[in-house]
Amino acid sequence: MYNFDMIIDRHNTHSIKWDSIKENACPPDTLAMGTADMDFEVCSAVAEALARRAAGHRIYGYSTKLKGCDEAVCDWMKKRHGWEPRPEWILNTPGVVCALKMIIQCFTCPDDGILITRPVYYPFMRSIEGNGRRIVNSPLLRDGSHYDVDFDDFEEKIRRNGVTMFLLCNPHNPVGRVWTADELRRMGEICARHHVLIVTDEIHCDFTFAPHRFVPFLVANPHLENEVVVCTAPSKTFNLPGLKYSNIFVPSREKRKKLLDHLERCGITTCNLFGYIACKAAYTRGASWFDGVLKYLKRNSDFFRESMARELPMMVVSELQGTYLAWVDFSVLGLSDKQLYEFMIYDAHVRLDDGIMFGPEGSGFQRFNLGCPRSVIGESVTRIKRAADARGLI
Ligand SMILES: Cc1ncc(COP(=O)(O)O)c(C=O)c1O
């Protein structure tokens, strides 16, 4: 049995989330609720497999991929999501963000337009601009706590801006939408009509809350197999991002060869031995741990919504269909983005992710990471309420 209520001190463990508190001179008791990893111990299957290899055979030489690793990943996709990819479609990179950059370099040309739907995971923007490509944004339409794709604008932006690639985030970080089969089909149709390559980042695929169900892009659009690259990783589901391991599915043989050659040119030829070991252990023996995590997160999400409604009812909490990241509109406080950041850190002692990082559409918002013991969520809401009262903001 796992105890997700247990608070584990992550200070001084090289955690970006917790150790950046000190590095950024935040008050020492600041609660870290930003960076998207979870404050839960990993499943025993993973911990034991890593410990067994680390201590049992103390040579960490150049390593080949574990036999059965890709099959375990595919088996998970089939059982959990009804998608049947082939093991040979998988290429490995040290992370999905690395893969996005490689894919952009490999399949687009300098100055090409790449479509995104902001607000969206900020490395999408950095990956596009950092590689000399143009961001073409079709902003999501917001209706209170719910977001939709503006399909007319989506097609118009593709048509007018020399777009050759679309970066899809499903489930969507930070707005929490799980795109439906119908929405995915509409995206697919438009992209196919304009010969746009679809790169779908499905790293949050396992985090959805009933009645919402994750639909893999290629389940909704099986005929587009040759026009899609799917990015996944065990790192979100099983809380392993420090192991830097991701599974990138490229069904088209031609595109796979092209990407493999590009990875080779960039020196990305093998992955970390411990990444392989953890990936296989997690996908073969981590299911019941993950089911427990998902149940706990659902209760965290309900608890957060109830606490916000009680303590800070004027803030709009977006509907969390998927991911463990809650997207909250604080614009009613009337603070600039810099003032909002400073209020959260220096008044409330809570470190969240600033909405503005996800694009100008995120101005006035903050993103809460709910992958933590429930008491931390309660404490963060209490602190924000107390600080807002003290400042006379509400
Ligand atoms: C949508 C999305 N893609 C990718 C990542 C990070 O992937 P990786 O750590 O494998 O680079 C995150 C992490 O928060 C994410 O939210």
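Because the structure is a prediction, the values reported are computed rather than measured.

1. Brief notes about a nonpolar patch on the surface
Together, Met-314, Val-332 and Ile-394 give the surface a local cluster of nonpolar side chains, amounting to about 240 Å² of exposed area. Residue placement: Ile-394 occurs in the segment after helix H14 (374-390). Relative accessible area serves as the criterion here: at 37%, Ile-394 is assigned to the partly exposed category.

2. Some remarks on the UniProt feature "domain: Aminotransferase class I/classII large" (unreviewed entry) in the protein chain
Within this structure's numbering, the places UniProt gives as "domain: Aminotransferase class I/classII large" (unreviewed entry) are residues 31-384. Taken as a whole, residues 31-384 contains 43% helix and 16% strand, while its terminal C-alpha atoms sit 11 Å from one another.

3. Digging into the pattern of salt bridges
Scanning all chains against the criterion turns up 26 salt bridges. With its nearest N and O atoms 3.3 Å apart, the salt bridge here joins Arg-310 to Glu-311. Members of the salt-bridge network, linked through shared partners, are Arg-10, Lys-17, Asp-37 and Asp-39.

4. Here's the deal with the site of the ligand
Residues in close proximity to the ligand include Ala-36, Gly-95, Val-96, Val-97, Tyr-121, Cys-169, Asn-173, Asp-201, Ile-203, His-204 and Lys-236, which together make up its full environment. Note that an oxygen atom of the ligand is positioned 3.0 Å from one of the backbone N or O atoms of Val-97. Here an oxygen atom of the ligand sits 2.8 Å away from a polar atom, N or O, in the side chain of Asn-173. The fraction of the free accessible surface of the ligand (400 Å²) that becomes covered by protein chains is 91%. With respect to the detected pockets, the ligand is housed in the largest pocket. For the shell around the ligand, the class distribution of residues is 6 nonpolar, 3 polar and 2 charged.

5. So, empty space enclosed by the protein
Counted under the stated rule, the structure contains 1 cavity of 30 Å³ or more. At the level of secondary structure, the elements contributing two or more residues to the lining of the largest cavity comprise helix H9 (234-237) and helix H11 (273-285). At 3 residues, H11 tops the list of elements feeding residues into the lining of the largest cavity. In the lining of the largest cavity, the residues fall into 6 nonpolar, 2 polar and 1 charged.

Rules behind the numbers
In this numbering scheme, every chain counts its residues from 1 along its sequence in written order. In keeping with the predicted nature of the model, local features appear solely for residues at pLDDT of at least 70, side-chain atom pairs appear and are counted solely at 80 or more, and the whole-chain, interface and lining totals rest on all residues. The basis for the side-chain values is all heavy atoms of the structure; hydrogens and waters are excluded. Residues enter a patch when their relative accessible area is above 30% and they make no salt bridge; the linking distance is 9 Å between like charges and 5 Å between nonpolar side chains (Val, Leu, Ile, Met, Phe, Trp, Tyr). Only the protein chains shown count as cover for residues, with accessible areas throughout obtained via the Shrake-Rupley method and a probe of 1.4 Å. Any Lys or Arg side-chain nitrogen located within 4 Å of an Asp or Glu carboxyl oxygen qualifies as a salt bridge. Helical segments are the DSSP runs of H or I of at least four residues, strand segments are the runs of E of at least two, and each set is numbered from the N terminus. Buried, partly exposed and exposed residues are distinguished by accessible area as a fraction of the type maximum, computed with a 1.4 Å probe on protein chains only: under 20%, between the cut-offs, and over 50%, respectively. UniProt positions are given in the numbering used here, feature names are shortened, and annotations may be inferred rather than shown by experiment. Whether a residue is near a molecule or strand is decided by its heavy atoms; if any one of them lies within 4 Å of it, the residue is near. For this analysis, a polar contact is any N or O atom pair within 3.5 Å, provided that within protein one partner can donate a hydrogen and the other can accept it, and provided that sequence-adjacent residues contribute only side-chain to side-chain pairs. Using a 1 Å grid laid over the protein atoms alone, points where a 1.4 Å probe fits but cannot get out form a cavity; open sets with protein on both sides within 12 Å along at least 5 of 7 lines form a pocket; any residue with an atom within 4 Å of a point counts as lining. Whether a molecule sits in a cavity or pocket is decided by its atoms, more than half of which must lie within 2 Å of the grid points. Three classes are used, and their members are as follows: Ala, Val, Leu, Ile, Met, Phe, Trp, Tyr, Cys and Pro are nonpolar, Asp, Glu, Lys and Arg are charged, and the others, Gly among them, are polar. Grid points are joined across faces, edges and corners, and a volume is the space filled by probe spheres set on the points.

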